Amino acid sequence: MNYLIRRPLFWNKINSRYVIYTIMRTFLLFITIGLSTSYANVSYSQTKLDIEVKEVSLETLFQKIQNNSDYIFFYKDDLLFNHKKVTLKVREATLMNILDEVLKDRGLTYVIDDRQVVIFETSPVAVLVDIGKSQDFTIEGTVLDQFGTPLPGANILEKGTTNGTQTDFDGNYSITVGGSDATLVISYIGYTTKEIPVAGQSTINITLEESTAGLDEVVVVGYGTQKKSDLTGAVTSLAQDDLNPGANASVDQLMLGRAAGVQITQASSAPGGGLAIRIRGASSLNASNEPLYVIDGFPIDNSPNLGSGGVAEVGDNQSPRNPLNALNPADIKSIEILKDASATAIYGSRGANGVILITTKKGREGHINITYDAYAGVQSAAKKIDVLDTSQYIDIINALSVDQGNGEVFSTGDISAIGNGTDWQNKVFRSAPITSHNLSASGGSEKTTYYASFNYFNQDGIVENSGIKRYTGRINIDSKIGKKAQIGLNFNTSLVKDNNNTDGINTNEEAGPIYSSLLYDPTEPIFNPDGTFSQSANLTVNNPVTLINGISSNSETNRTFGSAFLNYNFTGELSGKFNFGTDRQTSRRDIYNNTQTIRGSAAGGIANINSLERTNYLFEYTMTYNKEFNENHVLTLLGGTTFQKFSTRFLSGNISGFPTDVIGTNNLGLGDTNNDQLNSGKEENTLLSYLGRVNYNIFDKFLITASIRADGSSRFGENNKWGYFPSFAFGWKLEKEDFIPEAFNQLKLRASWGQTGNQEIGNFASQLTFGTGPNVVLGGALQGSVIPQRIANPDLKWETTEQFNVGLDFGLLDGRLKGTLDYFTKNSRDLLFNLPLPVASGFGSVLSNVGKVKNSGFEVLLSSTNVSTDNFSWKTSLNFSFINNEVVDLGRIESIVTGNIQATGNTAIIREGEPLAAYYGYVVTGLFQEGDDIANSAQPTAQPGFPIFEDRNGDGAINPLDQTIIGSPLPDFTYGFHNSISWKNLQLDFFFQGQSGVDLININLIESLYPANFRRNRIAETVLDRWTPQNPDAKWPSSVNPNAYGASKVNTMTVQDASYLRLKNVQLNYNVPVDNIDFLSALRIYVTGQNLFTITDYIGFDPDANSLGRSNVRVDYSSYPLARTFILGLTANF
Amino acid sequence: MKYYKILFFVFFTLTFLACEDRLEEEVFSQLAPSNLLTTEKGLTTVLNASYSYAHRSGAEEVWAPLHMESMTAGETWGAGGSIESVWQAQIDFTWDSNHPHFFSTWRVHFNSIRDANIVLANLDNENFSESFKQLTEAEAHFLRGWNYATLYNWYGSLPLYRSSSDNPLQPRATEEETRSFIEQELTLAVSVLPNQAPAFGRASKGTALAVLCKYYLNTKQWQEAAEAAQDIIDLGQYSLLPSYSDVFAFENEGNQEIIWALPKDGAGTATTGQALNALIFPPDFPKPFLNNSVFAARTYLSDDFVNSFEVTDTRTSQIITEYTSTATGNLVLGLGNDQSFPNKFPFEPTSVGPWAGNDIPVIRYADILLSRAEALNEISGPTQESIDIINQVRNRAGATPLSLGGFTKDTLRSAILQERGWEFYFEAKVREDQVRHGVFILRAQARGKNAQDHHALFPIPQVELDANPDLTQNPGY
């Protein structure tokens, strides 16, 4: 059942136990913690009622009033017996008029508190009031939430008595208690109850904190909300306190490490860089593995934005900027992560990778509350890679040159001319500022509430010439129209300006500054004597400083999304909701590669403009039927239909040969029009769905949920447009059973089964179409061509994921120790797999429904209040998860090698029985030593100091058959560990996060072990501890003619353990006392540190990076370094 | 009850509105077969794609065949850049089925076959003119013949895709089937193609004859090779240019010595340009035009080869033995260090960075002449006709003419191989010539390489075997 059961709030005049009899008529979707709070007495008092009853009981009358208004009646169960029947006919009467009329002469009176009407006998009150008057100690104060917003209608109770009051519209209260040693109990729905000893104070201001712990917390689920205690699915609910503090450009960074079973990889640490999110593992081979994002009920398009490069002969960062950058993290109220099929199946074909529901803040009835939050900070590279410094470089190059049979490269004269040389990483990395200003206003009247915010966020990157600037605005409005209808609007608009970092997996002169800072000759100067940028004659890698200055890549993205709804209550039990949403974004990226770079110089400057428009709209109609047959049987039915259409258009132009660099991309026509390239495209796709769900609660003990969604997608083959995704779940509230010890205040067993789908493939994947082919030179002129894009597959259909989940939620010791355990198995079949074909057929693959992948795992979430005293508290929470991933079946093939990196080759394999995209290469068993019988080994041409590759099949030669799985890109185990300690006005939070049992291929290490050019710099360790006849126990091979080592660069030397433990963030808060400042209601000052340290054996900037972005294949290649950030901020409430 | 009526009305209205026709997928920016393949113009654009791949569109696709032929035969060696390990495997005979050059050459030629098959499958259309059908069909057959002949030379017998509707998982055809298919395709083309190609870069009768002639020669069908060569000579269209270096001059593209070339244009960068020089010359080489740029890798000729020419031989004009470094101003000596550069694709003024527009000559008239000389020698050599033909080539180069006296069939065979080495260095001929002459493995062994008999063919790319269980690898790999 989906309404809240409230406790009577007006305890001060009631001294007996009441049975609560209530039916709330507000439709479920509006009930969030903020909206479900109670309001000051005046709020509903103007509601006008038309009542016509004849000879009915008081009870019937009250029910009738409830059905026609928002009022809820509370009374003692025997109170209304033995009263004479009522006959009444009024129009446009207030409740007070009615009650005054019907209750007079019955010995009954009432108190109206917001929507709640308490009916009681007249007599006892006088007694209580008398007692209250007999002592005389009055306390006044204000009750605020943690952001300083006054809480109207909060309850203040004198402990151990029934004496109490409520705060008024401005959150103020005044209570007279039995003595100066009394204790006040302050409570408010959705907030943690506080007890405060009066201790003689006459003014007590109280700050309540939103309760994430409350067992009756309401969580957002697909197409609705649910009491947390009634959930049958695996849902992780993150409130603001559970999110990462500090400078976070996007919402997914807020969640990193915080939820069990949710692996979030900051694929690129560039400001606003993309993230990869895997909820319960990766199951899809070629379709997306990213979850569906639903913001305030509107499923958004989370397709990657424009890339950062890849054109204009500029490096392409494979991890495009995060599309969620359009959302201001400060607007987020809570995030729900739906993990099992019971929770996700209602999203059908988009649910297989999990669903992330984001709920933004709403206004609350009351005076306007203005919050201003500002922070500023500084970031620096958390780690630099230890490459050879200038003198080490000179020594090593000379030694290697001699070892390779040549003379020394640097003479004594050269060395003295070189001097200190250049530390290129120092020239590329910088200490970068970060600033954010966030202003929000919220409030509302009886009918309408609003929340509005504006955010300015400016983060410079720690790599020169990179950064993000963002402006976002949001308005959320909820309004009641008459008695039965509510409308609402959630509107978000943003402008994001990206200064793109152009690193990625490109090499040589197409690579970016990070790559070249690691490889560029440290003996080289930055500038020529004439002040121009110097360029090493020995290297076809750009001077890193040239790259920073010579290439610009800037994007601007305007994104506006929002939804509007109309909810109508047909009856008390039945409501319908119409929801319209749209998401429109336009992006434009300008790249200019000027004539200072190697490629730019040869081409006379290269300019590229790329623009992308992505839009989608949603029409949705849902209905909810909510029926409590009696207190033992509560049924909620949901049904609906939704239609969403997506479209994309793009236009790009590339040209080179400019007379000057001055114009940049502002006039492409100035380029040499013989060298221009134009491209454009347009695509649309459509989803049409029907959905239904049943929630059935029996005896408040057994919970049954069943749902089904039918999805039709334009993307699939003629023969398989429709897919059906059912789920079924069962919950058992064991704590209600007698055999469970009292110590458990919660113990719920859950089990669920269901099917979800995945449709995240490109458009037209089932059809044979022809697209642009390579140009051809015929008769001395360039001519175009067209080529077939694919083999048609009219049977193409959904990928289906079948998930079984069993979980246990428990709470012990009054909720001081709580936990959730989940075990799941997730079997994905009919995978959308680019089934390899021999390229001799003209097609590399055909997208087919082939193969099976299995993920299974165990997730644990524990939280505990270790210490809780008046002035000091210490809370700990811990999450960890084990996930086992296995490719079960690939159809007619056994394996496919993948993850090609230029000059390295394929790095990974998808093979039956192994984890998805496991690293695949050769095993190095040691190094050849002098005196070894090399001629009769499997590597007869090897030299001492060369790596020994394992001849796994024993055929006496090293060939591709000796390759094997040499590492897993998927961690066995991920964890997060959070502590929060508060003492008086101070609060300290720190959060550790990590993973173990995971590997990462380090292409920068490959560049050191197999340098593409002798004169490139190297990672120091690999040559300082290289094999020489004098250093036979070296860790690394000789580096003498490394390209003659044989086998492949993908081997156990270059695939490294990427386990790590990171102190992700630390935050110290101080709540400044503001009692004496009229215009401030709260002021908080905080200091935050992010990425303070990382413990790992991995040689690279970040063991968590992936230069291939969201790909299943994980590769570290010139990845953007992780920033260590310190910020100082303040939050003020007015 | 009226509420229920309203709500059901609303529900069904919406359901009805969201009708399933909306799931039809509309294609906006790609072409459907029904509107593309039914017009002459549309089909020609598919034929263009087949030509583009036949011209080895792409960067690696262009340079891979040169290195596969040249590095493996010891004609050139290379160092530097990320390509070094790729070359090292070719130089050291340690290549395996994962070597990237095999995949790129395999794919590009089979893509051309795919598109030629699409053209052939859609020619039966009453809207097309007879002349269009006839010419296009002949060109498609030529393209299949050229692609298969090329692949056969490297990989041996092949899976034959004769039609668009063939099962993608084809096993390898037998040696016999492969050969007869190549012969059939080229013979069909020869019989229909006009003497003049519709455009430079497309096939003519001479082109098809030249590819056929080389196929016959490499498969040691001497009589057929000699006859095909004579047919080309008889066309009267082709001749040797007076100057060897003019053959390779950028401004002489499409000269009458070029029978079949892969046309390139730097403006199309990696798609239609070629980056051969970028892998030959070092960054400090004085490039003649501002818009030339190079990669980190260098390709070198050995001193032995450079010194093997007669002093008067003008063919050394395309070898650069020294240069003045733009970085140091010092003279860098190539000769003496095994570091002379082949200069068959001189830096050209319209290049875009590393992407140059020099065409890649595949079959020159000189090749046809020497092929006829070799075939005649094998049939009944040594003969005066062979010697005369060889001397045409030598005279143009300023080399001393040969005379019949003193040659046996065997020594003339060796002399022809040597002559071909001088004439065609860095033109992707030397491995196939050495294989045909049976010296490819022996010479590698003499250079100290671990060369085995199976190295005479390259391995089928590993991913191809992974994707197609019906495919078998060449023995030895």
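Residues numbered from 1 in each chain as written. Chains lettered and ligands numbered in written order. Predicted model: local features only at pLDDT ≥ 70, side-chain atom pairs only at ≥ 80, totals over all residues. Heavy atoms only, no water.

### Let's talk about the overall build of chain B
Reasoning step 1: Within chain B one finds 19 helices and 8 strands.
Reasoning step 2: C-alpha atoms of chain B, sized along the principal axes, occupy 115 × 55 × 45 Å.
Reasoning step 3: In chain B, which comprises 477 residues, the share counted as buried stands at 61%.
Reasoning step 4: Within chain B, residue pairs in contact and separated by at least 24 positions form 70% of the contacts whose partners lie at least 6 positions apart.
Reasoning step 5: Accessible surface for chain B amounts to roughly 17,400 Å². Of this, 53% is attributable to carbon and sulfur atoms.
Reasoning step 6: Side-chain charges in chain B split into 34 positive and 58 negative, and the spacing between the mean points of these groups amounts to 2 Å. (Helix = DSSP H or I, 4+ residues; strand = E, 2+ residues; numbered from the N terminus. Buried < 20%, exposed > 50% of the residue type's maximum accessible area, 1.4 Å probe, protein only. Contact = heavy atoms within 4.5 Å. Areas by Shrake-Rupley, 256 points an atom, 1.4 Å probe, with all protein chains shown as cover. Lys, Arg positive; Asp, Glu negative; His and termini not counted. Charge placed at Lys NZ, Arg CZ, Asp CG, Glu CD.)

### Some remarks on the overall build of chain A
Reasoning step 1: Of the regular secondary structure elements, chain A holds 13 helices and 58 strands.
Reasoning step 2: Along the longest, intermediate and shortest principal axes, the C-alpha atoms of chain A span 115 × 70 × 65 Å.
Reasoning step 3: Excluding contacts between residues fewer than 6 apart, the proportion of contacts in chain A whose partners are at least 24 apart in sequence is 70%.
Reasoning step 4: As displayed, chain A offers around 40,400 Å² of accessible surface, 53% of which is attributable to carbon and sulfur atoms.
Reasoning step 5: Each charge class in chain A was averaged separately, 88 positive and 115 negative side chains, and the resulting centres sit 8 Å apart.

### Observations regarding the confidence of the model for chain B
Parts of the model with low pLDDT should not have their predicted coordinates read in detail.
Reasoning step 1: Mean pLDDT over chain B: 93, with 95% of residues reaching 70 or higher.
Reasoning step 2: Across the interface, the model reports ipTM at 0.94; the global pTM reads 0.82. (pLDDT = per-residue confidence, 0-100.)

### As for the sheet that holds strand β18 (residues 292-295) of chain A
Reasoning step 1: Overall, mixed pairing links the 5 strands, which are arranged β15-β20-β21-β18-β19 (chain A) in an open sheet. Two strands bound the open sheet, and with one partner strand each, they are β15 (235-239) and β19 (298-299) of chain A. (Pairing = 2+ DSSP bridges.)

### What about the interface of chain B and chain A?
Reasoning step 1: Contact residues are listed per partner, giving 90 residues for chain B and 86 residues for chain A.
Reasoning step 2: For the pairing of chain B and chain A, the buried interface totals around 7,100 Å² over both sides, and the portion due to carbon and sulfur atoms is 63%.
Reasoning step 3: Our count for the chain B to chain A interface comes out at 0 salt bridges.
Reasoning step 4: Of the residues in the side of chain B that touches chain A, the class split is 44 nonpolar, 28 polar and 18 charged. (Buried area = accessible area lost by both parts, 1.4 Å probe. Salt bridge = Lys/Arg side-chain N within 4 Å of Asp/Glu carboxyl O. Nonpolar A, V, L, I, M, F, W, Y, C, P; charged D, E, K, R; others polar.)

### Remarks on the nonpolar core
Reasoning step 1: With 142 residues, the main nonpolar core has F142, Y148 and Y155 of chain B as its most contacted residues.
Reasoning step 2: A total of 12 residues in this core trace back to one element, the largest contributor, which is helix α7 (residues 130-155) of chain B.
Reasoning step 3: Membership of the second largest hydrophobic core comes to 62 residues, among which are A938, I1003, M1053 and F1101 of chain A. (Core = buried A, V, L, I, M, F, W, Y, C linked by side-chain atoms within 4.5 Å.)

### Focus: the packing of helix α9 (residues 205-218) of chain B against helix α14 (residues 365-380) of chain B
Residue and element names in this part refer to chain B.
Reasoning step 1: One way to put it is that α9 packs onto α14 with a least axis distance of 11 Å and a crossing angle of 35°. Our pair here, α9 against α14, has a crossing hand that is left-handed. Taken together, the residues of α14 that come into contact with α9 (itself represented by A210, C213, K214 and L217) are D367, I368, S371, E374 and A375. (Axes fitted to C-alpha atoms, helices over the stretch in contact; angles between N-to-C directions. Left-handed = near helix turned anticlockwise from the far one by under 90°.)

### Remarks on the pattern of salt bridges
Reasoning step 1: With the rule as written, the count across this model stands at 63 salt bridges over all chains.
Reasoning step 2: Notably, a salt bridge pairs R750 of chain A with D822 of chain A, separated by 3.1 Å at the nearest N-O pair. Of this pair, R750 of chain A sits in strand β34 (residues 744-758) while D822 of chain A sits in strand β40 (residues 817-829), placing them 72 residues apart in sequence.
Reasoning step 3: What makes D822 of chain A buried here is its relative accessible area of 3%.
Reasoning step 4: A salt bridge links R364 of chain B to E427 of chain B, with the shortest nitrogen-to-oxygen separation between them at 2.7 Å. Placement of the pair is R364 of chain B in strand β8 (residues 360-364) and E427 of chain B in the loop between α16 (409-424) and α17 (430-436), with a sequence separation of 63 residues.
Reasoning step 5: Its relative accessible area of 1% is what places R364 of chain B among the buried residues.
Reasoning step 6: Several salt bridges share partner residues, and in doing so they unite E257, E310, D313, R315, K344, R364, R394, R396, E419, E423 and E427 of chain B into one network.

### Focus: the pairing of strand β30 (residues 633-656) of chain A
All names here are of chain A.
Reasoning step 1: Across the 24 residues of β30, 17 count as buried, placing the element largely inside the fold.
Reasoning step 2: As paired elements, β30 and strand β31 (residues 677-698) share 22 bridges and run antiparallel to each other. Looking at β31, one finds that H633 is bridged to I698.

### Comments concerning the sheet that holds strand β7 (residues 155-158) of chain A
Residues and elements named next belong to chain A.
Reasoning step 1: Spatial ordering of the open sheet is given by β8-β7-β10-β11, a layout of 4 strands whose pairing is antiparallel. At either end of the open sheet lies a strand with only one pairing partner, and these are β8 (164-166) and β11 (194-197). The mean angle between the axes of side-by-side strands here comes to 20°, regardless of whether they run parallel or antiparallel.
Reasoning step 2: In this structure, β7 lies alongside β8, joined through 3 bridges in antiparallel fashion. Paired with N155 across the strands is Q166, a residue of β8.

### A few points about the environment of S380 of chain B
Reasoning step 1: Secondary-structure assignment places S380 of chain B in helix α14.
Reasoning step 2: The sequence separation of S380 of chain B and K409 of chain B amounts to 29 residues, and the corresponding C-alpha distance is 8.1 Å.

### Observations regarding the packing of aromatic side chains
Reasoning step 1: Taken as a whole, this structure holds 63 aromatic pairs over all chains when the rule is applied.
Reasoning step 2: An aromatic cluster is built from F93, W95, F102, W106, F110, Y148, W154, Y155, Y161, F181, F440 and F458 of chain B, whose rings are joined through pairwise contacts.
Reasoning step 3: Here R258 of chain A stacks its cationic end above the ring of F991 of chain A, 3.9 Å away from the centre of that ring.
Reasoning step 4: One residue, R1062 of chain A, lies across the ring of Y1060 of chain A, its end atom 4.7 Å from the ring centre. (Phe/Tyr/Trp six-rings, centres within 6.5 Å; stacked < 30°, edge-to-face > 60°. Lys NZ or Arg CZ within 6 Å of the ring centre and 35° of its normal.)

### Some thoughts on the confidence of the model for chain A
Reasoning step 1: Of the residues in chain A, 93% reach a pLDDT of 70 or more, and the chain-wide mean stands at 85.
Reasoning step 2: Scored below 50 in pLDDT, residues 124-134 of chain A shows 8 contacts in the model against residues more than four places distant or in partner chains.

### Thoughts on a negative patch on the surface
Reasoning step 1: On the surface, a cluster of negative charge is contributed by D386, D389, D395 and D423 of chain A.
Reasoning step 2: When its relative accessible area of 40% is taken as the criterion, D423 of chain A is described as partly exposed. (Patch = residues over 30% accessible without salt bridge, like charges linked within 9 Å, V, L, I, M, F, W, Y side chains within 5 Å.)

### Observations regarding the packing of helix α3 (residues 40-54) of chain B against helix α6 (residues 100-121) of chain B
Residue and element names in this part refer to chain B.
Reasoning step 1: Relative to each other, α3 and α6 sit at 160°, their axes nearing to 7 Å. Judged by the inter-axis angle, α3 sits roughly antiparallel to α6. You can see that α3 and α6 cross each other, and the crossing is left-handed. On α6, the residues that touch L43, V46, L47, A49, S50, Y53 and A54 of α3 are V108, H109, N111, S112, R114, D115, A116, I118 and V119. (Parallel < 35°, antiparallel > 145°, perpendicular 65-115°, else oblique.)

### Remarks on unusual backbone geometry
Reasoning step 1: Between G381 of chain B and P382 of chain B the backbone carries a cis peptide bond, its omega angle lying at -5°.
Reasoning step 2: Position of P382 of chain B among the secondary structure elements: in the loop between α14 and α15 (384-397).
Reasoning step 3: The backbone of F764 of chain A sits at a positive phi, close to 55°, despite the residue not being glycine.
Reasoning step 4: Following the sequence through the fold, F764 of chain A ends up in the loop between β34 and β35 (770-772).
Reasoning step 5: Here F764 of chain A falls in the buried class, since its relative accessible area comes to 1%.
Reasoning step 6: Here the phi dihedral of S1039 of chain A falls at roughly 65°; this positive angle occurs in a residue that is not glycine.
Reasoning step 7: Relative to the helices and strands, S1039 of chain A resides in the loop between α13 (1020-1024) and β54 (1055-1057).

### Brief notes about the side chain of S112 of chain B
Residue and element names in this part refer to chain B.
Reasoning step 1: Examined against the element boundaries, S112 turns out to sit in helix α6.
Reasoning step 2: Judged by relative accessible area, S112 falls into the buried class, the value being 0%.
Reasoning step 3: A polar side-chain atom of S112 sits 2.7 Å from the main-chain carbonyl oxygen of S50.
Reasoning step 4: With sequence-adjacent residues up to four places away left out, S112 is seen in contact with S50, Y53, A54, L143 and N147. (Polar contact = N/O pair within 3.5 Å; in protein donor to acceptor, adjacent residues only side chain to side chain.)

### Topic: helix α8 (residues 175-192) of chain B
Residue and element names in this part refer to chain B.
Reasoning step 1: Its 18 residues place the ends of α8 27 Å apart at the C-alpha level, agreeing with the 26 Å of an ideal helix rising 1.5 Å per residue.
Reasoning step 2: All of the buried residues in α8 are T178, F181, I182, E185, L186, A189 and V190. Seen along its axis, α8 keeps its buried residues to an arc of 160°; they face one direction. Of the exposed residues in α8, the ones pointing more than 90 degrees away from its buried face are E176 and S191.
Reasoning step 3: Considering only its buried residues, α8 is in contact with α7 and α9. (Expected span 1.5 Å × (residues − 1). Arc of directions from axis to C-beta.)

### As for helix α2 (residues 95-103) of chain A
Reasoning step 1: The set of residues buried in α2 of chain A consists of L95, I98, L99, V102 and L103 of chain A. For α2 of chain A, the buried positions fall inside an angular range of 100° around the axis, keeping them on one side.

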